[in-house]
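Architecture and fold: a report
Listed below are the residues making up each chain.
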Amino acid sequence: MNILVINAGSSSLKYQLMDPNTGDVTAKGLCERIGLDGRLTHKVPATDKKVEKDIPMPTHKEAIEAVMAILVDPVDGVIKTVDEIDAVGHRVLHGGVKFVESCLVDEACKQAIRDCIPLGPLHNPANLMGIEACEKAMPGKPQVAVFDTAFHMTMPPKAYRYAIPTKYYTEDHLRRYGFHGTSHRFVSKRCIELMDGNKDLKIVVCHLGNGSSLSAVKDGKCQDTSMGLSPLAGVPMGTRSGDIDACVAQYIMNKEGMSADDCLNMLNKKSGVLALSGVSSDFRDIETEANKGNEDCALALEKFAYEVKKYIGSYSAALGGLDCLVFTAGVGENSGTMRASICEGLEYLGVKIDAEKNNMRGEEAIISTPDSKVTVWVIPTNEELMIAQDTAEIVGKL
Ligand code: ADP
């Protein structure tokens, strides 16, 4: 089976053609600079082939056409005709309260994604453009929308309500939604499988990448998560501030004569470990400079580890204990130093890391000691596979 997984952003579009049963990726790539000029990077993992092409992409439609063309190209392609693609799965950022699971794309689904634009103003329009471009390029091909927010819809009101006047919840739907849900679902599901299918487990998932979020999972269901109405909330990230006193924003806006939009842009794009380190948003660069003695970089790493640790503590309290702690995404899967800093001092919770096992990178492994009360895992995430599996399952029922 071939599922085309699409992740459309405002000026970029990532794709993977994969088998949902094996997870094998036949081809993957990226369209960049959509609306400016257009550039396609296409890779075929089996042969290590990489093709880069400048192709005009005034809109997402031309980007999808370029993807279709290269997938069936006699030299660089991997399939003979578009008919070999069984279905398309789309990553969609915001599903509001409407989508608790993935759904087949039809007019009602598209309207619901459109209705969520005020909640996901940067991403949902791009996601819709990706869906509509596929409809034009492959008429009649089944498409499925997989929402970043869906996994978190099991949170109880005490976790998702904000303590602000109720009308903003009832009239405007302002509440905690949470993001990275496809990753949290994939990783917590895998953790349960690895723990002999024991669903009662109390799990804290740490998705630590360029964007970072944590979730508290019990009985396989999300109980709480660190991102909120938008992905700005929670722990500090590559360029996002994470949780912040609203008065900080008010102070800066007043001082600089800054609009709310500009201030939010600063908090989303110029803050986080980028701002604290003064060097980079990339954790590898920050670790390198910290090792050379740069104190700002050391503080950025210390702050990140501290805030993640605090969330682990609060989620353990919320869950009434902790059985498994799981690290995933770029930093979580690869940085043993960061994992060690986060776990340092959590012995009281029953977290005991094996320093040698913790040296591993990028593979599924237990990194706690055999006598650690909490089993600490590294589980590489695979959001594309989860999207492909959801798509295959929904399309299989048609
Ligand atoms: P995104 O949120 O863009 O999907 P990723 O999950 O790919 O992000 O994570 C990217 C982050 O992971 C970058 O900050 C990168 O520096 C970090 N990272 C990747 N490998 C390592 C490593 N070996 N050590 C520390 N950080 C790493």
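Just above sits the structure.
Below you will find a few notes about this structure. (Residues numbered from 1 in each chain as written. Predicted model: local features only at pLDDT ≥ 70, side-chain atom pairs only at ≥ 80, totals over all residues. Heavy atoms only, no water.)

Topic: the packing of aromatic side chains
Using the following cut-off: Two rings from Phe, Tyr or Trp (for Trp, the six-membered ring) form a pair when their centres are within 6.5 Å of each other. A pair whose planes differ by under 30 degrees is stacked, one over 60 is edge-to-face, and the rest are tilted. Burial here depends on accessible area, computed with a 1.4 Å probe over protein chains only, as a share of the maximum for the residue type. Under 20% is buried, over 50% is exposed, and the range in between is partly exposed. Helix and strand definitions follow DSSP, with helices as H or I runs of at least four residues and strands as E runs of at least two, each counted in order from the N terminus. Two limits define a charge over a ring: the Lys NZ or Arg CZ must be within 6 Å of the ring centre, and within 35 degrees of the ring normal.
Under the criterion given, the structure shown has four aromatic pairs. Judged by centre distance (6.1 Å) and plane angle (35°), the rings of Tyr 160 and Tyr 169 are tilted. Among the residues examined, Tyr 169 registers a relative accessible area of 23% and is labelled partly exposed. With centroids separated by 5.5 Å and ring planes inclined at 65°, the aromatic side chains of Tyr 311 and Tyr 315 adopt a geometry described as edge-to-face. Here Tyr 315 and Tyr 311 lie together in helix 11 (residues 295-319), a separation of four residues that amounts to about one turn. Across the pair, Tyr 315 and Tyr 311 agree in class, each one buried. Here the guanidinium or amino end of Arg 175 rests over the ring plane of Tyr 160, the centre of that ring lying 3.7 Å away. The ring of Tyr 177 carries Arg 175 above its face, with NZ or CZ at 5.0 Å from the centroid.

A few points about unusual backbone geometry
Of note in the backbone geometry, Asp 48 takes a positive phi value of approximately 60° without being a glycine. Taking relative accessible area as the criterion, Asp 48 reaches 70% and is therefore assigned exposed. Backbone geometry at Ala 329 places phi at a positive 75°, although glycine is not the residue there. The topology assignment puts Ala 329 in helix 12 (residues 329-334). Overall, the relative accessible area of 6% leaves Ala 329 in the buried class.

Some details on helix 6 (residues 181-194)
This is how the line gets drawn: What a helix should span is 1.5 Å times the count of its residues minus one.
For helix 6, spanning 14 residues, the distance from its first C-alpha to its last is 20 Å, which sits close to the expected 20 Å at 1.5 Å a residue. All buried positions along helix 6 are accounted for by Gly 181, Thr 182, Ser 183, His 184, Phe 186, Val 187, Ser 188, Cys 191 and Ile 192. Asp 196 sits one or two residues past helix 6 and shows a positive phi near 60°.

Section: the pattern of salt bridges
Where we set the bar: Throughout this description, the term salt bridge denotes a Lys or Arg side-chain nitrogen within 4 Å of a carboxyl oxygen of Asp or Glu.
One pass over the full model with this rule turns up 20 salt bridges. Glu 307 is paired through a salt bridge with Lys 310; the nearest N and O atoms lie 3.4 Å apart. Taken together, the residues Glu 307 and Lys 310, both in helix 11 and three residues apart, mark about one turn of the helix. By relative accessible area, Glu 307 is classed as buried at 13%. Of the residues examined, Lys 310 reaches a relative accessible area of 41% and is grouped as partly exposed. What emerges from the salt-bridge pattern is a single network uniting Arg 39, Glu 52 and Asp 54.

Let's talk about the packing of helix 2 (residues 107-115) against helix 3 (residues 124-137)
Where we set the bar: Axis geometry follows a simple rule: fit a line to the C-alpha atoms, using only the stretch in contact for helices, then measure angles between N-to-C directions, giving values from 0 to 180 degrees. In what follows, roughly perpendicular refers to angles from 65 to 115 degrees, roughly parallel to angles under 35, roughly antiparallel to angles over 145, and oblique to any angle outside these ranges. Throughout, a crossing is termed right-handed when the near helix is turned clockwise from the far one, and left-handed when it is turned anticlockwise from it by less than a right angle. Residue contacts follow a heavy-atom distance rule, with two residues in contact if any of their heavy atoms lie within 4.5 Å. Under the convention adopted here, Pro, Cys and the residues Ala, Val, Leu, Ile, Met, Phe, Trp and Tyr are nonpolar, Asp, Glu, Lys and Arg are charged, and Gly plus all remaining residues are polar.
Interaxial distance between helix 2 and helix 3 falls to 9 Å at its minimum, and their mutual angle equals 155°. Regarding the angle of helix 2 to helix 3, the classification is roughly antiparallel. Crossing of helix 2 against helix 3: the hand is left-handed. Each of Lys 110, Ile 113 and Arg 114 in helix 2 lies in contact with helix 3, whose residues at this interface are Asn 124, Leu 128, Ile 131, Glu 132 and Glu 135. Grouping the constituent residues of the contact of helix 2 with helix 3 by class yields three nonpolar, one polar and four charged.

Details of the nonpolar core
Stated precisely, the cut-off is as follows: The set of buried Ala, Val, Leu, Ile, Met, Phe, Trp, Tyr and Cys residues whose side-chain atoms join them within 4.5 Å is what this entry labels a nonpolar core.
Counting residues in each nonpolar core, the largest one holds 36 residues, and the members touching the most others are Val 204, Cys 206, Leu 214, Val 308, Ile 312, Leu 325 and Phe 327. Among the elements of the structure, strand 9 (202-208), strand 10 (212-218), helix 10 (283-291), helix 11, strand 12 (324-328), helix 13 (336-343) and strand 14 (375-378) are those that each provide at least two residues to this core. Per element, the largest residue contribution to this core is ten residues, and it comes from helix 11. If near-sequence neighbours (up to four positions away) are discounted, Cys 206 is found in contact with Ser 213, Leu 214, Val 308, Ile 312, Leu 325, Val 326, Phe 327 and Thr 328. Counting 30 residues, the second largest nonpolar core, distinct from the first, contains Val 5, Met 18, Tyr 160 and Val 395.

Here we look at the sheet that holds strand 11 (residues 221-225)
Going by this rule: Strands qualify as paired when DSSP identifies two bridges or more between them.
Ordered by their spatial adjacency, six strands build an open sheet running 11-10-9-12-14-13, and the pairing between neighbours is mixed. With partners counted over all chains shown, the strands left at the sheet margins are strand 11 and strand 13 (365-366), one partner each. Note: strand 13 against strand 14, two bridges, orientation antiparallel. Across the sheet, Ile 366 pairs through a bridge with Trp 377, a residue of strand 14. Where helix 13 meets the sheet, it contacts strand 9, strand 12 and strand 14, and its direction lies at approximately 150° from that of strand 12.

Observations concerning the site of the ligand
Put simply, the test is: What makes a residue near a molecule or strand is one non-hydrogen atom of that residue sitting within 4 Å of it. Distance and chemistry together define a polar contact, namely a pair of N or O atoms within 3.5 Å, with one atom able to donate a hydrogen and the other to accept it when in protein, and with adjacent residues in sequence counting only for side-chain atoms on both sides. Surface exposure here means Shrake-Rupley accessible area, sampled with a 1.4 Å probe, where a residue is shielded only by the protein chains that are shown.
Lining the immediate surroundings of the ligand are 14 residues, of which Asn 210, Asp 282, Phe 283, Arg 284 and Gly 330 lie closest. Within the contact set of the ligand, an oxygen atom lies 2.3 Å away from a side-chain nitrogen or oxygen of Asp 282. Note that an oxygen atom of the ligand is positioned 3.2 Å from one of the backbone N or O atoms of Arg 284. Relative to its unbound accessible area of 580 Å², the ligand is 70% covered by the protein chains. Counting only elements with at least two residues in the shell around the ligand, the list comes to helix 10 and helix 12. No other element matches the four residues that helix 12 contributes to the shell around the ligand. Partitioned by chemical class, the residues of the shell around the ligand number three nonpolar, seven polar and four charged.

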